[in-house]
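Observations on the three-dimensional arrangement
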Number of protein chains: 4
Amino acid sequence: MIIVIQCKDQVGLVAYIAAILAKQQLNIVSMREHVDPAENLFFMRVQVEDNDHEDAKLEQLLKRLLPEGAMVAVNPNPAKKVVVLVTKEYHCLADILIRNFFKTLGATVQCVIGNHATLQDVCERFDMPFYHIPHEGVSKEEFEQQIDAAVAKYTPDYVVLAKYMRIVPPSFVSKYPMRIVNIHHSFLPAFIGANPYRKAFERGVKLIGATAHFVSNELDEGPIITQQIVPVNHSFTVTDMVKAGQEVETSVLAQALKLVFEDRVFVSKNKTVVFS
Amino acid sequence: MIIVIQCKDQVGLVAYIAAILAKQQLNIVSMREHVDPAENLFFMRVQVEDNDHEDAKLEQLLKRLLPEGAMVAVNPNPAKKVVVLVTKEYHCLADILIRNFFKTLGATVQCVIGNHATLQDVCERFDMPFYHIPHEGVSKEEFEQQIDAAVAKYTPDYVVLAKYMRIVPPSFVSKYPMRIVNIHHSFLPAFIGANPYRKAFERGVKLIGATAHFVSNELDEGPIITQQIVPVNHSFTVTDMVKAGQEVETSVLAQALKLVFEDRVFVSKNKTVVFS
Amino acid sequence: MIIVIQCKDQVGLVAYIAAILAKQQLNIVSMREHVDPAENLFFMRVQVEDNDHEDAKLEQLLKRLLPEGAMVAVNPNPAKKVVVLVTKEYHCLADILIRNFFKTLGATVQCVIGNHATLQDVCERFDMPFYHIPHEGVSKEEFEQQIDAAVAKYTPDYVVLAKYMRIVPPSFVSKYPMRIVNIHHSFLPAFIGANPYRKAFERGVKLIGATAHFVSNELDEGPIITQQIVPVNHSFTVTDMVKAGQEVETSVLAQALKLVFEDRVFVSKNKTVVFS
Amino acid sequence: MIIVIQCKDQVGLVAYIAAILAKQQLNIVSMREHVDPAENLFFMRVQVEDNDHEDAKLEQLLKRLLPEGAMVAVNPNPAKKVVVLVTKEYHCLADILIRNFFKTLGATVQCVIGNHATLQDVCERFDMPFYHIPHEGVSKEEFEQQIDAAVAKYTPDYVVLAKYMRIVPPSFVSKYPMRIVNIHHSFLPAFIGANPYRKAFERGVKLIGATAHFVSNELDEGPIITQQIVPVNHSFTVTDMVKAGQEVETSVLAQALKLVFEDRVFVSKNKTVVFS
């Protein structure tokens with residue numbers, strides 16, 4: 001059983017929480033706790049031995065004693081639903097589809113939405129609903145509204161931008177606060193914006209990276225979940241860098257989704273607390 | 001203030017501990033807890049905001065409520081003393097001497113003992129006592145007894161084998177249980193024993209590593225603290241591998257000592273719990 | 001255009017080769033050369049600017065001047081054919097199927113053969129022929145002969161053991177010398193043989209790895225192509241280690257196949273020369 | 001024997017060079033070649049078996065046949081001289097002093113110059129001349145001129161900025177073109193300029209890095225030699241990040257100097273070609 005808690009910090013929080021768990025004869029297997037002093041926020045993830053305890057009742061017990069506004073979840077949403085947005089690149093999507101198909105993703109993909117039809121075939125091979133919503137021939141607003149409506153129909157818990165090469169509007173972001181995961185093809189904050197691999201090539205860097213982050217309304221500025229890098233050298237063309245980058249993008253998005261779906265990621269202002 | 005606890009596991013431990021801390025108005029900044037189910041052992045490291053609390057009194061309060069045989073330490077030994085044993089290779093020792101000189105080691109080196117005189121000069125440049133105890137011209141037993149006596153005079157908290165190319169006898173190990181840190185020049189358990197780099201070269205591995213571990217009476221079998229690797233390739237001679245290995249040995253020993261001196265490493269049977 | 005050469009070493013080889021290329025007005029973009037002094041072997045990979053040159057004619061010109069027994073290939077086999085053997089685990093196979101489907105594997109998968117039917121479904125979704133050859137209910141010899149026959153029908157250039165949990169017999173190995181790529185779920189030579197993750201768990205290692213190697217008749221002793229590692233810690237159960245290991249297995253096999261299919265890997269006795 | 005060549009690219013260069021070497025009965029052990037098509041530049045590093053050949057004569061033979069303006073060096077400067085500039089931080093300097101003392105640096109440090117006296121003691125312990133040239137109490141121009149004069153007296157081959165926290169003026173840079181190595185405490189181009197660790201902390205990155213580069217007249221924009229990273233997490237304060245960064249700074253500078261002193265680094269416009 002997993003318990004996650006986020007609230008204002010105060011003396012005695014761990015004692016309150018642990019006392020309640022002990023009273024219920026819940027043995028703590030692993031506990032991670034962090035206080036962000038700048039924000040005065042308390043974060044905790046507890047793993048207790050499974051028993052027949054009723055989740056909702058335990059949540060109530062905990063909430064009663066915690067500071068107002070506390071976020072408490074016992075076994076938070078064990079059946080997470082996900083919508084994936086894509087453009088043309090297959091690598092991140094394919095990795096997600098495979099894990100979803102073999103039930104190792106930790107969440108269920110409900111559908112895939114693309115502004116190109118390129119990835120329809122691979123989706124259909126996994127009986128995955130695919131919606132092609134082209135951004136051409138319509139206004140930006142119309143396009144964004146169509147995407148919004150298509151996603152909303154599924155009421156997903158998370159939206160994954162798996163190399164979705166469009167900016168999502170504030171109205172969309174506000175519907176899924178800290179629940180939109182994006183993969184950015186650079187070691188942020190280096191090479192913000194478009195064509196990061198070309199910029200990396202031109203700068204002659206010796207490592208390229210990728211960043212998985214939650215989407216906020218500041219482009220490429222949302223809380224970073226995880227980052228990875230891969231070495232490159234003078235023999236790499238831009239194309240080689242893109243290819244090397246795709247490997248690390250796939251890997252870093254997979255890792256970020258694992259952390260998020262296992263309820264290991266908390267957001268503290270513009271940063272994450274990750275109990276990995 | 002750091003509090004470390006190790007004891008038999010039972011329901012309610014975290015509650016007991018946290019309640020005591022709360023009663024003393026000690027605010028928990030960071031808490032790491034782990035239960036080893038196979039050994040039924042409980043491990044905890046808590047960082048609380050510093051206040052004027054008396055360490056010894058808090059230790060007593062905690063001990064009273066914890067299972068018999070519990071190890072409890074509040075600000076465990078802030079002035080750790082270390083004796084370093086060496087042979088001829090300088091890289092690990094020099095790194096330790098530099099950190100000791102600039103007071104960033106987290107412990108104080110009391111002296112260096114070598115079975116060769118090679119490293120006497122560098123020690124003296126840092127006003128570090130160096131004892132040359134040759135293993136030649138004496139019996140193995142006499143040599144080991146001389147080393148034992150030389151170390152014992154300093155009553156160190158930890159003994160660091162910084163590329164000490166001799167096996168320490170059980171009588172010595174038993175005096176410093178889980179307080180002797182060794183650096184082994186391979187990615188254990190690969191290439192146990194002598195000449196690991198030659199063996200690695202002959203096997204054609206693509207990564208070589210180094211392992212920092214506590215010394216037990218089984219050669220190269222003590223609890224592993226940390227491990228690192230470095231890539232190698234077909235162009236590496238054995239000498240190149242040794243050189244690359246020395247870099248990673250220096251780095252992995254430094255990292256292990258940091259973890260140990262910050263009281264982040266616990267031993268559970270033949271493994272470590274590391275709250276890094 | 002890629003040119004690969006392997007032969008006995010002698011003074012002047014580079015001069016011969018480069019002179020021939022220059023005479024044909026072939027501009028060298030990148031050249032990698034290595035001499036294994038222990039084996040007196042010369043290895044070279046040259047990339048020249050593409051032109052209309054006839055591959056076979058250039059091969060002849062080169063062969064005429066190189067020591068007897070030289071292996072020379074100009075644009076070696078641009079359409080490599082691969083048969084994949086599997087058991088039950090999906091992760092390595094799925095990664096290969098995806099790359100094959102999107103034509104980024106650098107080779108063409110002809111069929112998949114499994115001793116269990118578990119992975120039949122995912123193959124069929126990609127229109128990939130799958131043959132289920134059970135090892136149960138037949139003698140070991142019969143089973144091995146059936147596998148041999150099934151593979152032979154496709155005359156593949158390479159056989160990939162993508163978590164195929166059976167040992168292939170010498171008769172099979174001799175048919176595809178240094179053309180069978182295996183992924184071993186450990187950082188070889190640590191944890192040779194069965195259950196490496198359980199052994200790694202019991203040893204308390206802090207890094208686990210995976211090794212892609214060519215298959216020889218010594219179990220787990222063939223030339224290593226590439227190795228990768230991933231950090232683990234005390235909180236990992238054996239199952240967690242297996243999961244972490246699967247990620248690195250997928251990654252290391254993909255990297256090895258890329259190197260092999262781009263003709264960057266040479267074998268020198270029991271080691272590889274990799275011009276990565 | 002090492003031979004390095006840099007010149008305009010043209011067809012047949014490798015053939016010319018290899019023919020000359022073969023005529024002198026020089027056996028090539030390892031050859032690395034790269035052509036930068038954007039700049040039309042040819043780079044080569046050849047390692048041949050040592051013999052009694054006269055370096056200067058071989059240089060002449062090679063130069064005669066290579067395009068005008070070619071840079072050719074046979075055993076380029078085996079006794080490289082280095083001046084180190086520092087401010088207050090000890091970690092990079094200490095690492096250099098240790099390697100210099102044990103003659104494993106690949107170059108000889110002639111003196112250390114600091115704008116603070118902090119590191120005088122450690123230098124003197126290694127009998128290393130230290131000059132304290134304060135930047136306070138004088139004009140920027142006077143200060144820069146004093147530094148310039150102090151360095152010039154030693155006619156060094158390379159100048160190493162080992163955490164020298166001042167910008168060197170164009171007049172200084174032009175005296176040592178692509179021969180000033182700087183360590184920048186960030187994963188460039190992220191966090192250019194001052195206080196990179198504070199910026200990294202505020203951005204909540206999960207990896208921090210360091211970059212060794214040649215100094216050009218664009219601040220932090222010179223050709224990158226090598227980069228390394230280290231993982232960080234939410235529990236790191238700015239101070240923790242600085243400490244973690246210092247480890248990686250030490251390591252990346254050591255690696256860069258090794259590459260440079262082994263004549264493995266070439267500059268192609270604003271990038272490096274590194275035959276590592």
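Naming follows an unreviewed UniProt entry, where chain A appears as Formyltetrahydrofolate deformylase of Mucilaginibacter dorajii. Per its UniProt entry, chain A bears the Sequence similarities (unreviewed entry) comment "Belongs to the PurU family." Comment text from UniProt for chain A, heading Catalytic activity (unreviewed entry), reads "(6R)-10-formyltetrahydrofolate + H2O = (6S)-5,6,7,8-tetrahydrofolate + formate + H(+)".

Some remarks on the pairing of strand β8 (residues 158–161) of chain A
All names here are of chain A. Burial of β8 is two-sided: the residues Tyr-158 and Val-160 facing one way and the residues Val-159 and Leu-161 facing the other way are all buried. Note that strand β5 (residues 81–86) and β8 share 4 bridges and pair parallel. Looking at β8, one finds that Val-82 is bridged to Tyr-158. Once you follow β8 into helix α6 (residues 170–175) and on to strand β9 (residues 180–184), the crossover reads as right-handed.

Concerning the interface of chain A and chain D
With 31 residues of chain A at the contact, the number on the chain D side is 31 residues. For the pairing of chain A and chain D, the buried interface totals around 2500 Å² over both sides, and the portion due to carbon and sulfur atoms is 61%. Per-residue buried area on chain A facing chain D is highest for Arg-203, Lys-206 and His-234 of chain A; these three make up 30% of the total on that side. Here chain A is connected to chain D by 2 salt bridges. Applying the counting rule to chain A against chain D returns 16 residue pairs in polar contact (both at pLDDT 80 or more). Ranked by the residues each element gives to the side of chain A that touches chain D, the list is headed by strand β11 (residues 224–231) of chain A, at 6 residues.

Things to note about the interface of chain D and chain C
Note on interface size: it is often stated as the accessible area lost on association of the parts. Between chain D and chain C, the residue contacts involve 20 residues of the former and 20 residues of the latter. Counting the contacts that link chain D with chain C gives 7 residue pairs in polar contact (both at pLDDT 80 or more). In the side of chain D that touches chain C, the residues fall into 11 nonpolar, 6 polar and 3 charged. Here 5 bridges tie strand β2 (residues 28–36) of chain C to strand β2 (residues 28–36) of chain D, and the two strands are oriented antiparallel to one another. Paired with Met-31 of chain C across the bridge in β2 of chain D is Glu-33 of chain D.

Conventions we followed
Residues numbered from 1 in each chain as written. Chains lettered and ligands numbered in written order. Predicted model: local features only at pLDDT ≥ 70, side-chain atom pairs only at ≥ 80, totals over all residues. Heavy atoms only, no water. UniProt positions renumbered as here; feature names shortened; annotations may be inferred. Buried < 20%, exposed > 50% of the residue type's maximum accessible area, 1.4 Å probe, protein only. Helix = DSSP H or I, 4+ residues; strand = E, 2+ residues; numbered from the N terminus. Pairing = 2+ DSSP bridges. Right-handed = clockwise from strand over helix to strand, strands pointing away. Contact = heavy atoms within 4.5 Å. Buried area = accessible area lost by both parts, 1.4 Å probe. Salt bridge = Lys/Arg side-chain N within 4 Å of Asp/Glu carboxyl O. Polar contact = N/O pair within 3.5 Å; in protein donor to acceptor, adjacent residues only side chain to side chain. Nonpolar A, V, L, I, M, F, W, Y, C, P; charged D, E, K, R; others polar.

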